Amino acid sequence: METTTAQNSDHQGKRWNHLRKILERSGPFCPPNFTASNETLEFLQNTCKILVIGAGGLGCELLKDLALMGFRDIHVIDMDTIELSNLNRQFLFRRADIGKSKADCAAAFVNARIPGCTVTPHFCKIQDFDASFYRQFHIIVCGLDSIVARRWINGMLISMLEYEEDGSVDETSIIPLVDGGTEGFKGNARVILPGMTACIDCTLDLFPPQVTYPLCTIANTPRLPEHCIEYVKIIQWPKENPFGSDIGLDGDDPAHITWVYEKAQERANTFNITGLSYRLVQGVLKNIIPAVASTNAVIAAACATEVFKIASSCCEPLNNYMVFNDSDGIYTYTYEAEKKSDCLACSTVPRPVDVVDPNTMTLQDLIQHLCDSAEFQMKNPGLTASINGKNKTLYMATVKSIEEATKGNLTQSLGELGLKDGQEIMVADVTNPNAILIKLKFQSNEVEMA
Ligand SMILES: [Zn+2]
């Protein structure tokens, strides 16, 4: 359809009226440092540069929201390609896009649809860029499903902080991080001012490593349909081998799922447990939680609103953690997550690790602890310590030659390796672009006081 120049300019004139009402008038909720002015919209449109990490369920919503809110210089990073199962909620993609880059397709869609907005795509990992790339942005907003990636960008923004002579953070070096996350009908949105407020690692124990049910509950006192499914999976399947002795349970095989479903239903009936369904069996067996489009929409809108508030100063930002749940009615709650004084990522204090007995705890045990415990949740840590004034690599799996040279240390005890009480160890892991410090704390052992 043809539009005249007059219609276009008319449209342009009215296009941002809704934003002008907020930005060019003062109001009772405006913080004292806000000055109503037409310069703020000018800043949002022509200066402010936003990075969106992730172009999936949250990312598509975020890009649409931010572009419609007047941001015109947006970058997006995503390493994934589009799959058929994305199309029900990742609405910037079409069937013809399957197999193509999410970042590229999302950027092309928004650029074609929203005049004046330029989304720049990056089809790669966040780890492919260094601080010089991240420093160009005013605000970074994450729509990720990976905790490792969240922790990595969090660590990157903390490493970019600069400090005043008195040790306080130079506020001009802070890049605010707005983080959204969803899981089924639950979600959260949070605002992180690196170095100032609680960071991702400060609240790491909010993300338990994995849901597991105690075996005694599964076997003796099941209360949830999940307990019945786990029972069939762990105990009945290996005992009955319904599809032959060498056939393992396959969560993608409908015949297997049906068998587990029927057995779990029998057990649920015995214990008067309701709520079992074929889909739940699928979910438990494959350990997946279905993505819900409306949860993504709510969380992305909350995050985009926070970006707008931070960029314009028109309202105080969220302080600092909002949870949302619409599985049973609609519930939201906001609280202030606290900065942890010995946070792995944002404090310079080495994190203590308790060692019960340095003569029985091996290096392998220590590494296992760093991976399994809720406060560390590392993936593949490499350890270096200074022993008798010399730097010594205790173990590192990421470089093959070093792995070969150090794997003998794994079975040695901490005592045998010459590690002392109070020993500081540098730990490098994919969860942070920088190494962090831990400090061994030997439990006061049986030294008899006279
Ligand atoms: Zn922290």
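Residues numbered from 1 in each chain as written. Predicted model: local features only at pLDDT ≥ 70, side-chain atom pairs only at ≥ 80, totals over all residues. Heavy atoms only, no water.

As annotated in an unreviewed UniProt entry, the chain carries the name NEDD8-activating enzyme E1 catalytic subunit and comes from Aedes albopictus. Taken from UniProt, the Sequence similarities (unreviewed entry) comment for the chain reads in full: "Belongs to the ubiquitin-activating E1 family. UBA3 subfamily." Recorded under Pathway (unreviewed entry), the UniProt text for the chain is reproduced unchanged: "Protein modification; protein neddylation." (UniProt positions renumbered as here; feature names shortened; annotations may be inferred.)

Attention now moves to the UniProt feature "active site" (unreviewed entry) in the chain. Per the UniProt annotation, the sites labelled "active site" (unreviewed entry) are Cys216. The topology assignment puts Cys216 in helix α8 (residues 215-220). (Helix = DSSP H or I, 4+ residues; strand = E, 2+ residues; numbered from the N terminus.)

Turning to the pattern of salt bridges, a few remarks are in order. One pass over the full model with this rule turns up 12 salt bridges. Put simply, Glu24 and Arg20 hold a salt bridge, and the shortest N to O gap is 3.1 Å. Of the charged contacts, one joins Lys309 and Glu306 as a salt bridge, the two residues approaching to 2.9 Å between their closest N and O atoms. Note that Lys309 and Glu306 are positioned in helix α12 (residues 293-312) at a spacing of 3 residues, about one turn of the helix. According to the relative accessible area criterion, Glu306 is buried, its value standing at 7%. If you follow the salt bridges from partner to partner, you end up with Glu61, Lys64 and Asp65 in one network. (Salt bridge = Lys/Arg side-chain N within 4 Å of Asp/Glu carboxyl O. Buried < 20%, exposed > 50% of the residue type's maximum accessible area, 1.4 Å probe, protein only.)

Let us look at the packing of aromatic side chains. Summed over all chains, the structure comprises 10 aromatic pairs. Summarising the aromatic geometry, the rings of Phe133 and Phe137 are spaced 5.3 Å apart at their centres and angled 70° between planes, so their arrangement reads as edge-to-face. Overall, the relative accessible area of 9% leaves Phe133 in the buried class. Look at Phe137 and you get buried, because its relative accessible area is 3%. With a centroid separation of 5.2 Å and an interplanar angle of 25°, the aromatic rings of Tyr321 and Tyr335 are classed as stacked. With Tyr321 in strand β7 (residues 321-325) and Tyr335 in strand β8 (residues 331-335), this pair connects stretches of sequence that are 14 residues apart. Of the residues examined, Tyr321 reaches a relative accessible area of 4% and is grouped as buried. With a relative accessible area of 27%, Tyr335 lands in the partly exposed category. Every member of this aromatic cluster is reached through a ring pair, and the members are Phe129, Phe133, Tyr134, Phe137 and Trp152. Note that Arg267 overlies the ring of Tyr231, its terminal NZ or CZ placed 3.5 Å from the centroid. (Phe/Tyr/Trp six-rings, centres within 6.5 Å; stacked < 30°, edge-to-face > 60°. Lys NZ or Arg CZ within 6 Å of the ring centre and 35° of its normal.)

This brings us to the coordination of the zinc ion. Distances from the zinc ion to its protein donors, Cys199 (SG), Cys202 (SG), Cys343 (SG) and Cys346 (SG), fall within 2.2 to 2.3 Å. Geometry at the zinc ion is tetrahedral, judged from its 4 donor atoms and the angles of 99 to 119° they form at the metal. Expressed as a motif, the donor residue spacing for the zinc ion is C-x2-C-x140-C-x2-C. Note that Cys202 is positioned in the loop between β6 (186-192) and α8 and Cys346 in the loop between β8 and β9 (351-355), a separation of 144 residues in sequence. For Cys202, a relative accessible area of 5% corresponds to the buried category. What makes Cys346 buried here is its relative accessible area of 12%. (Donors = N, O, S within 2.8 Å, 3.2 Å for Na, K, Ca; no water. Tetrahedral: all angles 85-135°; square planar, octahedral: opposite > 155°, others 65-115°.)

Looking now at the environment of Ala311. Positionally, Ala311 belongs in helix α12. With 135 residues separating them along the chain, Ala311 and Pro176 place their C-alpha atoms 9.8 Å apart. Apart from the residues within four sequence positions on either side, Ala311 is in contact with Phe43, Leu44, Cys48, Phe71 and Ile139. (Contact = heavy atoms within 4.5 Å.)

The next thing to look at is the sheet that holds β7. Here 8 strands make up an open sheet; going across it, the order is β3-β2-β1-β4-β5-β6-β7-β8 and the pairing mixed. On the outer flanks of this sheet lie β3 (118-122) and β8, each paired with one strand and no other. The sheet shows a mean angle of 15° between the axes of neighbouring strands, taken without regard to direction. Note: strand β4 (residues 139-143) against strand β5 (residues 177-183), 4 bridges, orientation parallel. Each residue of the ladder has a partner; that of Ile140, found in β5, is Leu177. Its contacts with the sheet put helix α7 (residues 147-159) on β1 (49-53), β4, β5 and β6, and the angle it makes with β5 is roughly 170°. (Pairing = 2+ DSSP bridges. Axes fitted to C-alpha atoms, helices over the stretch in contact; angles between N-to-C directions.)

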